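Fold and contact review
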Number of protein chains: 2
Amino acid sequence: MQEIFAKDPEFEPAIFVEQTREQARPHATMLLRKLHSEILRRGIFTPQQVIDEHEKYLMCQNTPRGHVALIIKQTLHFAMFLKAIVNLGANDYHKRLMQEAARMDFIGCFAMTELSHGSNVMELRTTATFDEKTKEFVINTPTDNDIKVWIGNLAKDARYALLWARLITQGKDHGVHPFVIQIRDSIYHKPLPGLLIGDMGMKVGYQNMDNGFLRFNNFRVPRDTLLSKFFQVLDDGTYKTEIASKTKRLGFFLQTLSYSRILLGLGAANGNLYANIIALRFAHMRKQFGVPGEPERPLASYQLHQYRLLPKFCQAFVIRFSVDEILQYYITMKPQVVDPTKTLEFLHAICTFTKVYASTCAHNTYLEARQSLGGFGYSYYSEMYQMITYNDVNLTWEGDNKVLLQQTARYIMKNCNRILTGKDVTDQQVKYLKDIHTDKAKFVAKIGDLDLGEEDLKLEDILEIYRVFAANCGFKAMKHFTKGLEEGQDMFDVYLNSVPVILNTMAIAFGEVYYIEAYLRRIAHCKDGPTKRVFEKMGLLYALWNMTERAGDFRNENLISSDQLSQAKDRVLSLLKELIHEAIPLTHLPPWEWYNPFAHEDFYERFLGQVVRADGAFERSRIWKEMLAPEGEPQKK
Amino acid sequence: MQEIFAKDPEFEPAIFVEQTREQARPHATMLLRKLHSEILRRGIFTPQQVIDEHEKYLMCQNTPRGHVALIIKQTLHFAMFLKAIVNLGANDYHKRLMQEAARMDFIGCFAMTELSHGSNVMELRTTATFDEKTKEFVINTPTDNDIKVWIGNLAKDARYALLWARLITQGKDHGVHPFVIQIRDSIYHKPLPGLLIGDMGMKVGYQNMDNGFLRFNNFRVPRDTLLSKFFQVLDDGTYKTEIASKTKRLGFFLQTLSYSRILLGLGAANGNLYANIIALRFAHMRKQFGVPGEPERPLASYQLHQYRLLPKFCQAFVIRFSVDEILQYYITMKPQVVDPTKTLEFLHAICTFTKVYASTCAHNTYLEARQSLGGFGYSYYSEMYQMITYNDVNLTWEGDNKVLLQQTARYIMKNCNRILTGKDVTDQQVKYLKDIHTDKAKFVAKIGDLDLGEEDLKLEDILEIYRVFAANCGFKAMKHFTKGLEEGQDMFDVYLNSVPVILNTMAIAFGEVYYIEAYLRRIAHCKDGPTKRVFEKMGLLYALWNMTERAGDFRNENLISSDQLSQAKDRVLSLLKELIHEAIPLTHLPPWEWYNPFAHEDFYERFLGQVVRADGAFERSRIWKEMLAPEGEPQKK
């Protein structure tokens, strides 16, 4: 796939092209369609394969970073719009649209968010009322506050929309349902009558994405627009379904979309690695300061610089390996995901954590990497700010990261509650919670014996600390919860008043345990001894550094002592010194990513070359006449 | 001053105007000149006052946030270019340029940074070699790696440059010196022969700033271009000065610029407050989720949301009050600042800390505030990303924040060393270091007795913890340092290997002590009892929250116990609940800041109004014909 990008001048990396929003958007659309038609023409995928294996399609594209901003347009069309039809569609109209979408005859959008409802999907207000006479749905936006907003692909491109609206039949509200509707005509590409479609205006990042708003005014659509695999509306408006409750229905719809959380996590993990690689390569090239009289030293030789980059570099590997495992797991579970009788709690908990953790860590990496490049980090040619803005939205969409973690927290609390009431855990992945609860003293004693500065310390040992920490968080939360209820507080309030300090810490602890386990499983496959040792050290550096970063939490109830914390800090510093050289082979970039001048030994030359070749580099000010001196000033030349 | 902005349609807040880089730059220049000529015309300042009181001039402008990006262009011209001439200039040429610069007959730039030397100013490579025959300096850029880069105002606007170059006379290098030179002619506004001036290209943020690069090729300038107040070059090339060492000279040049660190801190502090106010006002307006069946609740009612916003809001007040005090202090010390026989160590240490702390905290506020606005935080109309990008550069210029803190750290280590060798501290502001060192047990015992959950707990009590913490950091660093030297390590290495973990923590601890003291001094003036109580609680929330955020550090050597940490956490939560309402009067905005739709109860209406009124809001895709269906598809409408 990279070949298509690498050999076509139209696919010049976006960092070298200065475009306004109005230029960037049609350009992206054109590239996306061109790319897709190349894929079909070369037979890399058939349209049917795009439908059946859209996960693979999106994975396989693995768009080079120079065009990473295209991924979201792609994802909205294939992983959100098309996937929803595949999972929830039933009739011939849906089948036809699937085929057309797979060929990209049109571009689709995913119309969920409204002006006054984002995270709270249950409360969306757009209505789709069944008219028994015409067998149509009449779609309406009750008030201006219920206008669909921020919908990607909508402002300019989309001809069809996957619409989320309240289904109303026989005067009864059945909750939010998915519809697939045409929104622009096929001749003039203008909004159909009854629709007001516009642009969300100036925004940050993703200038190539056309975010739009959409207002419905008695907009009529045929009955078959309802994605009716699991529920039908009969001629007289009778509503039939196997999923009885509104909440369960919505939960199921969202479950079918859990894949998008992994995709976001994967994108963030890839970007995280890339930014770390650029920053580390630059750190080995750039020299500054040194002992007076001696040559200047590379930034990479300074402990401060190692400290700001290397732990995040290791973390990026831990995340990348773990996301990969979760993706494989998702694919094996796919049949259950689209089965409304199954609830996949562990999958949901870990996908949610993955979206949150991968995007938050990437965010922190980008900010630090930008700073580590000094002033050069402001140049577009470094790609840092593109990465910052492209990822920043990941912190918000699909649910605000800090709010979303509650979904993971609920899973752990449920399991802790089962343990406390003598039941078994729901999944093997959290069996350690029960083990620790059964014999906590043994685990705590084992941790107390650890010398965290020891050179032979194993990641497995640190993992034990993480596990006990996670269990402590879980049972402490249960205690807090029970106490609140006993004091007569409202369940909703007790829960909410545990979020910032207790629940989010717990959710992260659970996820980090899983990630360290996944990392260990992955590096166990590594056959080359020295390489494996580097990976082990990298895991250690991540786990120890992370512990020192949140030392207040880990020292809670003196789980680790003040001395152990000092040992961990010292060990972190010694690992930095070793890994700054040993990790170099892992900063390799494939040829199609070589365009970034910051990745090279001859950075200064490449960077300057880019600067002087840019359009208008030597142009005089547009208002130069107004810049002249007032009369009377002595003139020079 | 705000009146000029508020009543002139040309000064429409920048958030409502979509501009390319090429449009934004001349527009900013025009606005800046218009603003300045208005100020002179109305007699608000005379040119001589601009020269004598440029601090006041810049302060008094207090540009509304809608045009905050102008401040940097202004600062470069007045606080960097003009100020350097005022402080270091001596001859008639300098005096004439001061007058012209004060009238803004031309725009100046400050040419320090080079391609391969940023933070390390000592090693700049541009040379100014004295030619005894012509009594001129010949300026050269030795290699491409020594080109001046990122110079603001240079690419398009500047006619003069404050140039930093190595002064060479009689074959001897006297180190980096300041020169003021003409770089563009006065008739065509083109670079003078011998200069290559260009644009740094696409970059992030400050699109209205014309960052440029500059290469010299045997560029000759008269002798009087040297800013010669403290050193002269005689006809035969003899170099005369009272400041003997190169390092001291450079230190003195930079000392005269310390004001710019306060200015940056002030700008960051103002922006920090503003972003907090916008986020808090939005949080009271925006409703989401709630107990099923009941009305949705405002975001501000959620503990999680309070937790992410309120501590930063309180911190912003602590910073704002402290920066103000430091600014006043600077003004009283001004005569000493420009006296090469004086070294102002405390002023330097606290100015440096202020630049670092104010910009880092603002950075964190902006990122969190953006997230707290959800998807709306991506709209330009929220101003969040403008604030993020405008401030981000503050983390880097004038020295990378994490590297720069060493300058503050050195001051504390020096004082700790004096104490350890039986001498007195250099300044009253760090007398507590000696007190604690003399009788540490007493202080530790006092802290041990504190109940941090106590409602009557005073900020003064917490201040004691901060002081002991700072002292511990200082003496621990000294111990680490001495140990390293005793082990035979190189001084440079011991020092550098203490930076990330020990020195930076120490520098921050010192600064926070001073900030809490300054905050207490400031709120002591508050006469209204209830208001004062709110300020006290805000100080408490800041100090306790900050302690829990860095609990690993504060629990070091068990300075505070696990129980005390829990008490602090609980007290933070109870303070959130009280302050979320009590702090509302402090979220007031002056009328000229009302333009931001996010600051209002009727946000949805204002925001939508802005969206639909924007240019091109309803325009069809530029490539709509290519978006049509291929032949054969059923057509609708």
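From a predicted model like this one, the values you see are computed outputs, not experimental measurements. (Residues numbered from 1 in each chain as written. Chains lettered and ligands numbered in written order. Predicted model: local features only at pLDDT ≥ 70, side-chain atom pairs only at ≥ 80, totals over all residues. Heavy atoms only, no water.)

Digging into the environment of A509 of chain A
Residue and element names in this part refer to chain A. Inclusion rule: Helix numbering and strand numbering both begin at the N terminus, where a helix is a DSSP run of H or I of at least 4 residues and a strand a DSSP run of E of at least 2. We call two residues in contact when some of their heavy atoms are within 4.5 Å.
Within the fold, A509 resides in helix α17 (residues 499–523). Distance from A509 to I168, taken between C-alpha atoms, is 43 Å for residues 341 residues apart in sequence. Contacts of A509, omitting those with residues within four sequence positions, involve F469 and A470.

Quick look at the relation of the copies chain A and chain B
What counts, and what does not: Residues reaching a pLDDT of at least 70 in both copies supply the C-alpha atoms on which the copies are superposed by least squares.
Laying chain A over chain B is done by rotating through 180° and shifting 0.0 Å along the axis; what remains is an RMSD of 0.0 Å. Taken together, the turn and the small shift mark the pair as related by a two-fold rotation axis. The C-alpha atom lying nearest the rotation axis in chain A is that of G552 of chain A; the distance is 2.0 Å. Taken together, the interface assignments show that 100% of the residues at the interface of chain A recur at the interface of chain B, consistent with an identical surface on both copies.

Things to note about the packing of helix α15 (residues 459–486) of chain A against α17 of chain A
Helix-helix packing is characterised by the crossing angle of the two axes and by the distance between the axes. Residue and element names in this part refer to chain A. As a reminder of what qualifies: With axes taken as lines fitted to C-alpha atoms, and helix axes fitted only over the stretch in contact, angles between N-to-C directions fall between 0 and 180 degrees. The cut-offs work like this: below 35 degrees is roughly parallel, past 145 is roughly antiparallel, 65 to 115 is roughly perpendicular, and the gaps in between are oblique. Should the near helix be turned counterclockwise from the far one by less than a right angle, the crossing is left-handed, whereas a clockwise turn marks it as right-handed.
It is at 9 Å that the axes of α15 and α17 come closest, and there the two elements cross at 155°. Comparing their axes, α17 and α15 come out roughly antiparallel. Two packed elements cross with a definite hand, and for α15 against α17 that hand is left-handed. Facing α15, whose interface residues are L459, E460, L463, Y466, R467, F469, A470, C473, G474, A477 and H480, α17 presents I502, L503, T505, M506, A509, F510, E512, V513, I516, E517, Y519 and L520.

Quick word on the pattern of salt bridges
Residues and elements named next belong to chain A. Applied cut-off: In the sections that follow, a salt bridge refers to a side-chain nitrogen of Lys or Arg positioned within 4 Å of a carboxyl oxygen of Asp or Glu. Throughout this description, buried means an accessible area under 20% of the type-specific maximum (1.4 Å probe, protein chains only), exposed means over 50%, and partly exposed covers the range between.
Here the structure, examined in full by the defined rule, presents 86 salt bridges over all chains. The residue R21 makes a salt bridge to D199 at a minimum N-O spacing of 3.4 Å. Remark: D199 occurs in strand β7 (residues 195–199) and R21 occurs in helix α2 (residues 21–41); sequence separation between them is 178 residues. You can call D199 buried: its relative accessible area is 4%. K434 is the partner of D424 in a salt bridge, and the nearest nitrogen-oxygen pair spans 3.9 Å.

Notes on the packing of helix α17 (residues 499–523) of chain B against helix α18 (residues 529–549) of chain B
Residues and elements named next belong to chain B. Which entries qualify depends on this criterion: Ten residues, namely Ala, Val, Leu, Ile, Met, Phe, Trp, Tyr, Cys and Pro, are considered nonpolar, four, namely Asp, Glu, Lys and Arg, are considered charged, and the remaining ones, Gly among them, are considered polar.
At a minimum axis distance of 10 Å, the contact between α17 and α18 shows a crossing angle of 170°. The pairing of α17 with α18 is recorded here as roughly antiparallel in orientation. Judged by residue contacts, E512, I516, Y519 and I523 of α17 engage K532, F535, E536, M538, G539, Y542, A543 and N546 from α18. Looking at the contact of α17 with α18 residue by residue, the class counts come to seven nonpolar, two polar and three charged.

Comments concerning the domain arrangement of chain A
Reports of interface size often rely on the accessible area that becomes lost once the parts have come together. Residue and element names in this part refer to chain A. Rules: A domain assignment, automatic or from a database, supplies the domain bounds used here. Here the quantity called buried area is the total loss of accessible area, with a 1.4 Å probe, experienced by two parts when brought into contact, counted for both. Side-chain atoms alone can form a polar contact between residues adjacent in sequence; in general such a contact is a pair of N or O atoms within 3.5 Å, and within protein one must be able to donate a hydrogen while the other accepts it.
When cut into domains, chain A gives domain 1 (2–255), domain 2 (257–399 + 592–616) and domain 3 (406–582). The C-alpha-based centres of domain 1 and domain 2 are spaced at 28 Å. Every contact between the two is made by 32 residues of domain 1 and, on the other side, 36 residues of domain 2. Of the roughly 3000 Å² buried where domain 1 meets domain 2, counting both sides, 69% is carbon and sulfur surface. For the pair domain 1 and domain 2, the number of links is zero salt bridges. There are seven residue pairs in polar contact (both at pLDDT 80 or more) connecting domain 1 and domain 2. Taken together, the elements giving at least two residues each to the side of domain 1 that touches domain 2 come down to α4 (54–61), α5 (70–88) and α7 (246–255). Residue contributions to the side of domain 1 that touches domain 2 peak at six residues, all from α5.

Observations concerning the interface of chain A and chain B
Listed per partner, the contact involves 131 residues of chain A and 131 residues of chain B. In total, about 11600 Å² of surface goes out of reach between chain A and chain B, with carbon and sulfur atoms giving 58% of it. Looking at the side of chain A facing chain B, the largest losses of area belong to M202, Y378 and M627 of chain A, adding up to 7% of the total buried there. Linking chain A to chain B there are 16 salt bridges. Here K569 of chain B and D553 of chain A are joined by a salt bridge, their closest N and O atoms 4.0 Å apart. For the interface between chain A and chain B, the tally reads 53 residue pairs in polar contact (both at pLDDT 80 or more). The dominant element in the side of chain A that touches chain B, judged by the number of residues it contributes, is α2 of chain A, at six residues. Across the side of chain A that touches chain B, the residue classes tally to 56 nonpolar, 35 polar and 40 charged.

Re the nonpolar core
Note the cut-off: Throughout this description, the term nonpolar core refers to a set of buried Ala, Val, Leu, Ile, Met, Phe, Trp, Tyr and Cys residues connected via side-chain atoms within 4.5 Å.
Counting 460 residues, the largest nonpolar core has I181, Y515 and F607 of chain A together with I181, I462, Y515 and F607 of chain B as its most contacted members. Each residue touching I462 of chain B, except ones within four places of it in the same chain, is listed here: L452, L457, L540, A543, L544 and M547 of chain B.

Focus on the packing of aromatic side chains
Where we set the bar: Ring pairs are drawn from Phe, Tyr and Trp, using the six-membered ring of Trp, whenever the two centres fall within 6.5 Å, and their geometry is named by plane angle: stacked under 30 degrees, edge-to-face over 60, tilted for the rest.
A full pass over the atoms with the stated rule returns 86 aromatic pairs over all chains. Residues Y57 of chain A and F78 of chain A carry aromatic rings whose centres are separated by 4.7 Å and whose planes lie at 55° to one another, so their mutual orientation is tilted. Taken together, the positions of Y57 of chain A in helix α4 and F78 of chain A in helix α5 put the pair 21 residues apart, joining distant regions of the chain. Like F78 of chain A, Y57 of chain A is buried. Aromatic pair F231 of chain B and F253 of chain B: ring centres 5.5 Å apart, planes at 80°, arrangement edge-to-face.

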